[in-house]
Amino acid sequence: MPVPILLVTGFLGAGKTTVVNHLLAHAEGRRIAAVVNDFGAINIDAELIADASDGVVSLANGCICCSLEGDLLRTLSTLLRRDPRPEYIVIETSGVADPADIVRNLMDPVILREAPLETVLCVIDAATPAAALDDALQRSQLRVADIVALSKLDLAGEGAGARMREAIRAQRVLAVVVDARHGEIPSALLFPASDRAPAPREPGPKRPAEERFETLSWTSDHQLSLPRLQQVIGKLAPKLARAKGLFETVEQPGRQMVFQFAGGRATLAPGDAPAPGMPRARIVFIAELGVLAKAELDALMDGCIASP
Ligand SMILES: Nc1nc2c(ncn2[C@@H]2O[C@H](COP(=O)(O)OP(=O)(O)OP(=O)(O)O)[C@@H](O)[C@H]2O)c(=O)[nH]1
């Protein structure tokens, strides 16, 4: 039996992992394998994906739309040889990925036969201005989508959700647009029960690889001071496109916290127990190329380490 693929795309911090997590947590007995790509050296997303999946495969330190394309195909072949075989495969792309290039790779004749691309889902943050969809990368993410999920409607101002829907419709007349409150999308929509094999897709011409963002990682084996971190994030915020990380604070010892900075908003939430053998604090920062210097970042972040 072919194993349908769901490809999840969307800009940095739009809410892709939240959607994938919700899907895996409500798998209702389906064997779903997840492939997660963070283009930084540390794959925070893989750690944030619920254990509910049939094994999370993490592809880090590159983007599956360009440098890791071979790794993606090898990973899919390995998943398809698993016994028992997964019934579905979800691929979460990094927020900087151009999905057209991934779609092209998935049209590989063997993969297409064994694991056909069924659905492309694009997650869009409803709390960002609709003009964000004019961005070339976001346009290409929207262009290949069959389903568009509007996230963060709870944060969007009045009318913002409606304006975003209109902007989506203007670019993608045929896409199904759904609300995804905290990642909630009915799984029947994402994995429709159909015996028909999905038709091959035409991904369009290959785009020249364009480096626009870079990721900088910071790790430490110490606890962090929350007030100092808040101050530093305030300083860094204008330069950041996205940040996420896991660490322990001196204020709440013994508890791993999940830090998220997306759409200009920073949040901190309790996380799972720390993974063994990992540095106590690991944070990935994503910025437009040349905007954030590693030495500046290290100096600021080192200042967040709680004094003994
Ligand atoms: N309030 C609110 N927050 C949300 C919603 N969906 C996602 N978030 C938050 O937005 C932040 C980013 O969400 P993720 O799911 O990690 O975003 P992502 O698209 O996977 O991020 P990258 O993989 O880094 O591009 C997290 O703090 C989420 O909790 C929503 O519907 N409402």
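Nothing here was measured: the structure is a model prediction, and the numbers come from that model.

Quick notes on the rules
Residues numbered from 1 in each chain as written. Predicted model: local features only at pLDDT ≥ 70, side-chain atom pairs only at ≥ 80, totals over all residues. Helix = DSSP H or I, 4+ residues; strand = E, 2+ residues; numbered from the N terminus. Rg over C-alpha atoms; globule rule 2.2 N^0.38 Å. Buried ≥ 20, exposed ≤ 12 C-beta atoms within 10 Å, placed from the backbone. Core = buried A, V, L, I, M, F, W, Y, C linked by C-beta atoms within 7 Å. Domains from an automatic or database assignment. Contact = placed C-beta atoms within 7 Å. Expected span 1.5 Å × (residues − 1). UniProt positions renumbered as here; feature names shortened; annotations may be inferred. Near = placed C-beta within 6 Å. Nonpolar A, V, L, I, M, F, W, Y, C, P; charged D, E, K, R; others polar. Pairing = 2+ DSSP bridges. Axes fitted to C-alpha atoms, helices over the stretch in contact; angles between N-to-C directions. pLDDT = per-residue confidence, 0-100.

### Focus: the overall build of the chain
- Counting its regular elements, the chain contains 10 helices and 12 strands.
- Here the C-alpha atoms of the chain give a radius of gyration of 19 Å, agreeing with the 19 Å that 2.2 N^0.38 yields for 308 residues.
- Referenced to the eigenvectors of the C-alpha coordinate spread, the extents of the chain come out at roughly 60 × 45 × 35 Å.
- Counting the 308 residues in the chain, one finds 41% classified as buried.

### Remarks on the nonpolar core
- The biggest cluster of nonpolar side chains holds 83 residues, and the ones touching the most others in it are Val8, Ala34, Ile89, Val90, Leu121, Val123 and Ile124.
- Here the element with the most residues in this core is strand S5 (residues 117-125); it accounts for six residues.
- The residue makeup of this core includes at least three contributed by each of domain 1 (5-190) and domain 2 (213-302).
- Here Val123 is in contact with Val8, Gly10, Ala14, Gly15, Lys16, Val19, Ala149, Ser151 and Ala180, once residues within four sequence places are set aside.

### Re helix H3 (residues 69-80)
- Between its first and last C-alpha, H3 extends 17 Å over 12 residues, near the 16 Å set by a 1.5 Å rise per residue.
- Buried-residue contacts for H3 involve strand S2 (32-38), strand S3 (56-60), strand S4 (88-92), helix H4 (99-106) and helix H5 (109-114).

### Overview of the UniProt feature "domain: CobW C-terminal" (unreviewed entry) in the chain
- The feature "domain: CobW C-terminal" (unreviewed entry), as annotated in UniProt, sits at residues 213-305 in this numbering.
- Across residues 213-305, helical content stands at 22% and strand content at 39%; the span's end C-alpha atoms are separated by 27 Å.

### Looking at the site of the ligand
- The immediate surroundings of the ligand are formed by 22 residues, with Gly15, Thr17, Thr18, Gly95 and Gln260 found nearest.
- Partitioning the shell around the ligand into residue classes produces four nonpolar, 11 polar and seven charged.
- Per-domain counts for the shell around the ligand show at least three residues from each of domain 1 (5-190) and domain 2 (213-302).

### Quick word on the sheet that holds S5
- An order of S3-S2-S4-S1-S5-S6-S7 is seen for the seven strands of this open sheet, with the pairing classed as parallel. Edge positions in the open sheet fall to S3 and strand S7 (176-179), since each of these has one partner strand only. Taken over all neighbouring pairs, the strand axes of this sheet differ in orientation by 20° on average, direction set aside.
- With five bridges joining them, S2 and S4 adopt parallel strand pairing.

### Details of unusual backbone geometry
- Of the consecutive residues Asp83 and Pro84, the connecting peptide bond is found in the cis state with omega at 0°.
- Following the sequence through the fold, Pro84 ends up in the loop between H3 and S4.
- Positive phi, normally seen in glycine, also occurs at Glu28, with a value near 45°.
- In this fold, Glu28 is placed in the loop between helix H1 (16-25) and S2.

### Let's talk about the sheet that holds strand S8 (residues 213-220)
- Strands sit in the order S8-S12-S9-S10-S11 across an open sheet of five strands; the sheet is antiparallel. The open sheet has two free edges, formed respectively by S8 and strand S11 (265-270), since each of these has just one partner strand. Along the sheet, successive strands turn relative to each other by an average axial angle of 15°, direction set aside.
- Across six bridges, the pairing between strand S9 (residues 242-248) and strand S10 (residues 256-262) is antiparallel. Opposite Gly245, over in S10, you have Phe259 as the bridge partner.

### Considerations on the confidence of the model for the chain
- Mean pLDDT over the chain works out to 90, with 96% of the residues at or above the 70 mark.
- Overall fold confidence (pTM) sits at 0.94, and the ipTM for the predicted complex is 0.99.

### Some points on the domain arrangement of the chain
- Along its sequence, the chain is organised into domain 1 (5-190) and domain 2 (213-302).
- Taken together, the 14 residues of domain 1 in the interface contact 15 residues of domain 2.
- Of the residues forming the side of domain 1 that touches domain 2, the biggest block, three residues, is contributed by helix H2 (residues 44-48).
- Of the residues assigned to the side of domain 1 that touches domain 2, the class counts are eight nonpolar, four polar and two charged.

### Quick word on the environment of Pro116
- Of note, Pro116 is situated in the loop between H5 and S5.
- Along the primary structure Pro116 and Val178 are separated by 62 residues, whereas in three dimensions their C-alpha atoms are 23 Å apart.
- Not counting the four nearest positions on each side in its chain, Pro116 is found in contact with Pro2, Pro4, Ile5, Ala197 and Pro198.

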